[in-house]
Amino acid sequence: EPIAENHPWVILYTSGTTGRPKGCITTHGGTVSQVVGIVFAGLAGALLGSGSPMPSAGGPMTNLLTTPLFHVGGLHSVSCTALSVGAKLVFLEGKFDPVKVMQTIERERVTTWGSVPTMLHRVVHHADVAKYDLSSLTAVSFGAAPMPPETLRRAREVLPVKENLTNAYGLTETHGVATLNGGKDLLGRGGSIGRPLPILDMQIGDPDGNPLPDGQLGELQIHGPTVTPGYWNRPEATAETVVRGWLRTGDLGTRDAEGFFFIADRAKDMIIRGGENVYCTEIENVLASHPEIDEACVIGVPDPELGERVKAIVFRRPQSQLDAGAVQRHVAAHLAKFKVPDFVEFTDKALPRNPAGKLLKNVFRGTGAVPFQTDDLE
């Protein structure tokens, strides 16, 4: 049968971090548009001085894939793009292991690595990172979850890609990458997800889909050829998510006067404490900056007086004696009082994430239908 651009190509399931996963339809045309958008953005970035992804010492462009192929980042954004430009593609075998990643980069002379923040964090903070030859790397991108500023700072110290680190934001519903922030833009706006690929329109909108002025908080909404036609056999969910061609991402954020977008939090993750909006990502970034905290997750817990209170789940680094009071004082030194966690819970193992590296906050809230273990990532 002839294949049309709007025909389904792959059904990928959403991460299910806030509810039951849905089968998201990706199409042939949407996938082609995703590849074209990424290649165009990469070439434009190189021309504007963000650094070239080409090998610095000869040899082929070599992409390392550490993201699962059932994830849109691994299949569409990395694999399809690498195959389209004729790059060598290296698949990491088995579960994620930072030593195995560094050994593979050294052995295969990897030039480009598309990671998620947790993976990059574990590599750049590894005690033996200086023992491996990572000089072949010319570009590292990351996405799928917020990147703590401390991890970004460390990556610039230990990897030879200061001008070619890129933050990618996207969804299964957009066939992968929707915005990019890399090179000099990332240096100046580390907290931004960047600007959209040239094939997409984006806005910060109100609940009715009307665009909001720059600087005003609202929902990130996306329109263009990579927006999914819908969820498989879920017409109600499709109608709620894609409205008049605009994808309602469920992410709250702002846009500045130069067109850079900033994500405050997932709408479902935002805590309302005594009438004040509390953004979990902001607190998590502060917690991640503490030298004795390896990972942290912030959630809201019901409270009869305030509606919700702030709770932090903290995974300490080895030999740390950090207590709840020290954690609260650290947050209080950086953020307003109402953002300081009312409760601090310590765990002796890495926080549960899905195989794409996203924190499973529904598990922390006690509503996780599938108890993913951190072993799925490691």
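That block above? That's the structure.
Let us look at the structure shown here. (Residues numbered from 1 in each chain as written. Predicted model: local features only at pLDDT ≥ 70, side-chain atom pairs only at ≥ 80, totals over all residues. Heavy atoms only, no water.)

Brief notes about the overall build of the chain
Part 1 of the argument: Scanning the chain from N- to C-terminus turns up 10 helices and 19 strands.
Part 2 of the argument: Since a compact globule built from 378 residues should have a radius of gyration of about 21 Å, the 20 Å found for the chain is in line with a globular shape.
Part 3 of the argument: Across its three principal axes, the chain shows a C-alpha extent of roughly 60 × 55 × 40 Å.
Part 4 of the argument: Residues counted as buried form 52% of the 378 residues belonging to the chain.
Part 5 of the argument: Across the chain, the fraction of contacts at a sequence separation of at least 24, relative to all contacts at a separation of at least 6, is 63%.
Part 6 of the argument: Entry remark: accessible area of the chain is about 17400 Å², with carbon and sulfur atoms responsible for 54%.
Part 7 of the argument: Between the centroid of the 35 positive side chains of the chain and the centroid of its 41 negative side chains there is a distance of 2 Å. (Helix = DSSP H or I, 4+ residues; strand = E, 2+ residues; numbered from the N terminus. Rg over C-alpha atoms; globule rule 2.2 N^0.38 Å. Buried < 20%, exposed > 50% of the residue type's maximum accessible area, 1.4 Å probe, protein only. Contact = heavy atoms within 4.5 Å. Areas by Shrake-Rupley, 256 points an atom, 1.4 Å probe, with all protein chains shown as cover. Lys, Arg positive; Asp, Glu negative; His and termini not counted. Charge placed at Lys NZ, Arg CZ, Asp CG, Glu CD.)

A closer look at the packing of aromatic side chains
Remark: the centre distance and the inter-plane angle together describe each pair of aromatic rings, the angle taken between the planes.
Part 1 of the argument: According to the stated counting rule, one finds zero aromatic pairs in the structure shown.
Part 2 of the argument: For lysine 22, the ring lying beneath its charged end belongs to tyrosine 231, and the centroid distance is 5.1 Å.
Part 3 of the argument: Its guanidinium or amino end placed over the ring of phenylalanine 346, arginine 316 lies 4.0 Å from that ring's centre, counting from NZ or CZ. (Phe/Tyr/Trp six-rings, centres within 6.5 Å; stacked < 30°, edge-to-face > 60°. Lys NZ or Arg CZ within 6 Å of the ring centre and 35° of its normal.)

A closer look at the sheet that holds strand 19 (residues 343-347)
Part 1 of the argument: Across the sheet, which stays open at both edges, the three strands sit in the order 17-18-19 with mixed pairing between neighbours. In this open sheet, the two edge strands, each paired with only one partner strand, are strand 17 (293-303) and strand 19. On average, each strand axis in the sheet is tilted by 25° relative to the strand beside it, whichever way the strands run.
Part 2 of the argument: Of the strand pairs in this sheet, strand 17 and strand 18 (residues 307-316) are connected by 10 bridges, and their pairing is antiparallel. Among the inter-strand pairings, cysteine 297 is bridged to a residue of strand 18, identified as isoleucine 313.
Part 3 of the argument: Contacts from helix 8 (residues 280-288) reach strand 17 and strand 18 within the one sheet, and its direction differs from that of strand 17 by about 145°. (Pairing = 2+ DSSP bridges. Axes fitted to C-alpha atoms, helices over the stretch in contact; angles between N-to-C directions.)

Comments concerning the pairing of strand 10 (residues 201-205)
Part 1 of the argument: Burial analysis of strand 10 places four of its five residues in the buried class, which makes it a mostly covered element.
Part 2 of the argument: Across five bridges, the pairing between strand 10 and strand 11 (residues 218-223) is antiparallel. Paired with glycine 205 across the two strands is glutamate 219, which belongs to strand 11.

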